[in-house]
Amino acid sequence: MKKNLISVIILALLIVNVVLTAIMMFSVTGASKKTAALVDNIASALDLELAAQTGETEVVVPMENIEVYSIPESMTIPLKTGEDGADHYCLVSVSFSIDNKADGYKTYSSDLSPQEKLLMDKVNAVFGQYTIEEAKGNEDRIKKEILEEVQKMFDSEFIFDVSFSSIIYS
């Protein structure tokens, strides 16, 4: 009889243990979801803060709104004289990505050929500030500077990207 009574007590304790474990799992799962959501919110806020500190914002334009204007001729740009004292040049083909739904697009449309010489001047001015070593290592920064200058020139952000289809240093 003692063995039977101990078995019943063990079974009752086992059932109580399972019930308490189930209650604990449901309460921890809800709190865990809330904690995960809080961590996600904090992480996204930190990402926003980091982007604001660096000043970089990524422009997202749907593919159907993008037009590309390429300067038809390759540009030969004299670079700043480096430590070697020799004259160096950069041969580059430049293209501008245009958002055809932006405000400035209505004014200038996709045909930037009347402003082509002004665009070439901006590209020349930015590249001319760099030596050959600096230019090779900072192509992304050069693109960013060209983009900023062009956006200032048009007083609009309808041109949102600059790309080099070919670039040769000599």
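Residues numbered from 1 in each chain as written. Predicted model: local features only at pLDDT ≥ 70, side-chain atom pairs only at ≥ 80, totals over all residues. Heavy atoms only, no water.

## Things to note about the side chain of Ser156
Here Ser156 lies in the loop between helix H5 (139-154) and strand S4 (159-169). The class for Ser156 is buried, based on a relative accessible area of 16%. Among the polar contacts listed, one links the side chain of Ser156 to the backbone nitrogen of Phe158, at a separation of 3.3 Å. Setting aside its immediate chain neighbours within four residues, Ser156 contacts Gly104 and Gln151. (Helix = DSSP H or I, 4+ residues; strand = E, 2+ residues; numbered from the N terminus. Buried < 20%, exposed > 50% of the residue type's maximum accessible area, 1.4 Å probe, protein only. Polar contact = N/O pair within 3.5 Å; in protein donor to acceptor, adjacent residues only side chain to side chain. Contact = heavy atoms within 4.5 Å.)

## Considering the packing of aromatic side chains
One pass over the structure, following the stated rule, counts 2 aromatic pairs. Arranged with centres 5.5 Å apart and planes meeting at 50°, the rings of Phe127 and Phe164 form a pair that is tilted. Here the residue Phe127 occupies a position in helix H3 (residues 116-127), and Phe164 occupies one in strand S4, the gap between them amounting to 37 residues. Residue Phe127 is classed as buried on the basis of its relative accessible area of 0%. Each ring, one from Phe154 and one from Phe158, has its centre 5.4 Å from the other, and the planes form 75°; the classification is edge-to-face. Taken individually, Phe154 and Phe158 each receive the classification buried, so the pair is uniform in this respect. (Phe/Tyr/Trp six-rings, centres within 6.5 Å; stacked < 30°, edge-to-face > 60°.)

## Topic: H5
The terminal C-alpha atoms of H5 lie 23 Å apart, and with 16 residues this matches the ideal 22 Å at 1.5 Å per residue to within 8%. All buried positions along H5 are accounted for by Ile142, Ile146, Leu147, Val150, Gln151 and Phe154. One side of H5 holds all its buried residues, which, seen down the axis, span an arc of 165°. Here the buried face of H5 lies against strand S3 (89-99), helix H2 (103-108), H3, helix H4 (132-137) and S4. (Expected span 1.5 Å × (residues − 1). Arc of directions from axis to C-beta.)

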